[in-house]
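Residues per chain, in single letters:
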Amino acid sequence: MGLPQPLSDALRDFEPAETPDRARQPPRLEDVRAIESNLEKLKDCSRTIFETMERKVAAGERPDDLDETIDSLLETEEEFKRELLPYVDRARQRQTAASDSLSSRWIEAILGGLRVLRDLRWDLMALRAETEPPGDAPVFDNPRALLEYLKTTR
Amino acid sequence: MIPPVRTKPSTRFIKSLRKIGQPIASRVATALERFHTAPDTSGLNFEAFKNRPGFFTIRVGRNFRILLKEEADEEGPYYLLVDIADHDDTYS
């Protein structure tokens, strides 16, 4: 199953269509506008996914795909980091006074996409905490006792 | 007098800790010890989780954070250690 389909679609659009030749050039205005627009779609999509899951949890339901979505978001974030951060590094290296503003916008949009994935994952982790029992571990006021407990239960 | 920090590890936290492996687990131990003794230590970045009231995070190194939830029992408030996961701060 992996990621919810709307999010997979939004991510496919988000990926910059940069060829090795284009990577040597500063970003063009249309590229920047396209990625900024796709970032907004990604944010909307993330909001919708969270609100849908939140409604289910508020109704006392545990969404079947919650664990899988959280795991897939981490995998996707890692994959995008591997793919996109080299572009960001190259964009930073080729930044010149003339291209500064466009490059900065392009870099910010790429990093924004990674933030959307990370923040949705964390929001879902907090939501998941409301659907599962905390377990029967004791409450510790002594950190050494806590660490000893963690060592022995691991 | 400031009451001591109290924590309870959740089943999820224990499971995630088991998955992340030893080098990070050692940093987790340091972070938890600091959280108990001096939660305001600047490197911990103990802060409210922005989208969910009652939740907080502390930082473990550059790339991990622990999610906490404020709870209470008959002895007073404590923090449930909800989970630990990758949280890359380089693009925040």
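Everything quoted here is computed from the prediction, not taken from an experiment. (Residues numbered from 1 in each chain as written. Chains lettered and ligands numbered in written order. Predicted model: local features only at pLDDT ≥ 70, side-chain atom pairs only at ≥ 80, totals over all residues.)

(A) How the structure looks around the interface of chain A and chain B. Contacts between the two partners involve 24 residues from chain A, matched on the other side by 33 residues from chain B. For the side of chain A that touches chain B, the secondary structure elements donating two or more residues are α5 (100-129) and α6 (143-153) of chain A. Looking at which element gives the most residues to the side of chain A that touches chain B, the answer is α5(A), with nine residues. In the side of chain A that touches chain B, the residues fall into 16 nonpolar, two polar and six charged. (Contact = placed C-beta atoms within 7 Å. Helix = DSSP H or I, 4+ residues; strand = E, 2+ residues; numbered from the N terminus. Nonpolar A, V, L, I, M, F, W, Y, C, P; charged D, E, K, R; others polar.)

(B) Spatial organisation of the pairing of strand β3 (residues 55-60) of chain B. Residues and elements named next belong to chain B. Across two bridges, the pairing between strand β2 (residues 47-48) and β3 is antiparallel. By the bridge assignment, Ala48 is partnered in β3 with Phe56. Taken together, β2 and the strand that follows it, β3, pair antiparallel across an intervening segment of six residues, in which Gly54 is found at a positive phi of about 90°. Sheet topology places β3 next to strand β4 (residues 64-73); six bridges connect them, and they run antiparallel. Following the sheet pairing, Thr57 is matched in β4 by Leu67. (Pairing = 2+ DSSP bridges.)

(C) The arrangement of the packing of helix α3 (residues 29-58) of chain A against α5(A) in detail. All names here are of chain A. Running from amino to carboxyl end, α3 crosses α5 at an angle of 10°, the nearest separation of the two axes being 9 Å. Considering the angle they form, α3 stands roughly parallel to α5. When the residues that make up the contact of α3 with α5 are grouped by side-chain class, the tally is 17 nonpolar, three polar and six charged. (Axes fitted to C-alpha atoms, helices over the stretch in contact; angles between N-to-C directions. Parallel < 35°, antiparallel > 145°, perpendicular 65-115°, else oblique.)

(D) Geometry of the confidence of the model for chain A. With 90% of its residues at a pLDDT of at least 70, chain A reaches an overall mean of 88. The spread of mean pLDDT over the elements of chain A runs between helix α2 (residues 20-23) of chain A, the lowest at 56, and α6(A), the highest at 94. (pLDDT = per-residue confidence, 0-100.)

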